[in-house]
Amino acid sequence: PPAPIEVLETEVFSLGDDRYDLVAKVRNPNQFMTVLSLTYQFTDGDFSGQTLTSFILPNEEKYIFELGASSQNQINLIDVEIKDIRWLRVGSVMPPQEYEAFQQNHLNFEFKDIVFTPARDTEISEKLPISKSAFSIVNQTGYSYYNMGLVVGLYNYETLVGINYVVLDSFVPSQERQVEINWTQNLPRASE
């Protein structure tokens, strides 16, 4: 049987107006088992978030999240319940020794020109606290991606201070895309 999914940390980011971004860093410790799908739900006392789905590749650490969760009661600490896990053994699809090359061929993206502009330095910061993230991403694979989701994290050194999500449509091989994300909440200092 596969080793269970590990929850490494959870975070709550207050957005104001009774809204929160809820985040959990999770890890699949299995070298040759993919989580095809799982459902998860954030909870805190009387609060229960949406039931959402995700996947986790072998040996992968990633963030699962609920953005803009609404709660009349303040959320300080959050738990995440993970259930309905569907596993797939890598060996049932390809020889396990080929998986690393497969992953490298399918997930080969270059990120460059990464810039974060805090609200105090943007043109409209006098009216609204809008910070910006910008970067370029290059699809260095031989594959096209119809709806490719990217999780964008802001860090103050090694501490996650904000999270966002963007989808790239029709991202073809060798294409370079410029991505800009607006952060419309007050953010703590971010270094990267």
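Placed above this text is the structure.
Let us now look at the layout of surface pockets. Quantified by volume, the largest pocket comes out at close to 1,600 Å³. Only strand 3 (33–44), strand 5 (52–56), strand 6 (61–70), helix 1 (99–106), strand 8 (109–117), strand 9 (131–139), strand 10 (145–156) and strand 11 (159–171) provide two or more residues apiece to the lining of the largest pocket. Considering every element that reaches the lining of the largest pocket, the biggest residue donor is strand 10, with ten residues. Taken together, the residues of the lining of the largest pocket break down into 30 nonpolar, nine polar and six charged.

Read across the sheet, three strands follow the order 1-2-6 without closing on themselves; strand pairing throughout is antiparallel. Each edge of the sheet is formed by a strand with only one pairing partner; in this case those strands are strand 1 (6–16) and strand 6. Mean inter-strand twist for the sheet, computed between neighbouring axes without regard to direction, equals 15°. With nine bridges joining them, strand 1 and strand 2 (residues 19–27) adopt antiparallel strand pairing. Looking at strand 2, one finds that Val12 is bridged to Leu22.

Tallying each qualifying case throughout the model produces four salt bridges. Put simply, Lys112 and Glu176 hold a salt bridge, and the shortest N to O gap is 3.4 Å. Of this pair, Lys112 sits in strand 8 while Glu176 sits in strand 12 (residues 176–183), placing them 64 residues apart in sequence.

This part covers the nonpolar core. The biggest cluster of nonpolar side chains holds 17 residues, and the ones touching the most others in it are Leu22, Phe42, Ile75 and Ile78. Of all elements in the fold, only strand 2, strand 3 and strand 6 reach the threshold of two or more residues within this core. Excluding anything up to four places from it in sequence, Ile75 contacts Val12, Tyr20, Leu22, Asp44 and Phe47. In terms of nonpolar packing, the next biggest core, distinct from the first, is built from 16 residues, Ile137, Leu150, Phe171 and Ala190 among them.

Turning our attention to the environment of Ala134. By secondary structure assignment, the location of Ala134 is in strand 9. Its relative accessible area of 17% is what places Ala134 among the buried residues. Each C-alpha atom of the pair Ala134 and Ser191 lies 14 Å from the other, and the pair is 57 residues apart in sequence. Excluding residues that lie within four positions of it along the chain, Ala134 makes contacts with Asp113, Ile114, Val115, Gln178, Val179 and Glu180.

Calculation rules
Residues numbered from 1 in each chain as written. Predicted model: local features only at pLDDT ≥ 70, side-chain atom pairs only at ≥ 80, totals over all residues. Heavy atoms only, no water. 1 Å grid on protein atoms, 1.4 Å probe; cavity = no way out; pocket = protein on both sides within 12 Å on 5 of 7 lines; lining within 4 Å. Points joined across faces, edges and corners; volume = space filled by probe spheres on them. Helix = DSSP H or I, 4+ residues; strand = E, 2+ residues; numbered from the N terminus. Nonpolar A, V, L, I, M, F, W, Y, C, P; charged D, E, K, R; others polar. Pairing = 2+ DSSP bridges. Axes fitted to C-alpha atoms, helices over the stretch in contact; angles between N-to-C directions. Salt bridge = Lys/Arg side-chain N within 4 Å of Asp/Glu carboxyl O. Core = buried A, V, L, I, M, F, W, Y, C linked by side-chain atoms within 4.5 Å. Buried < 20%, exposed > 50% of the residue type's maximum accessible area, 1.4 Å probe, protein only. Contact = heavy atoms within 4.5 Å.

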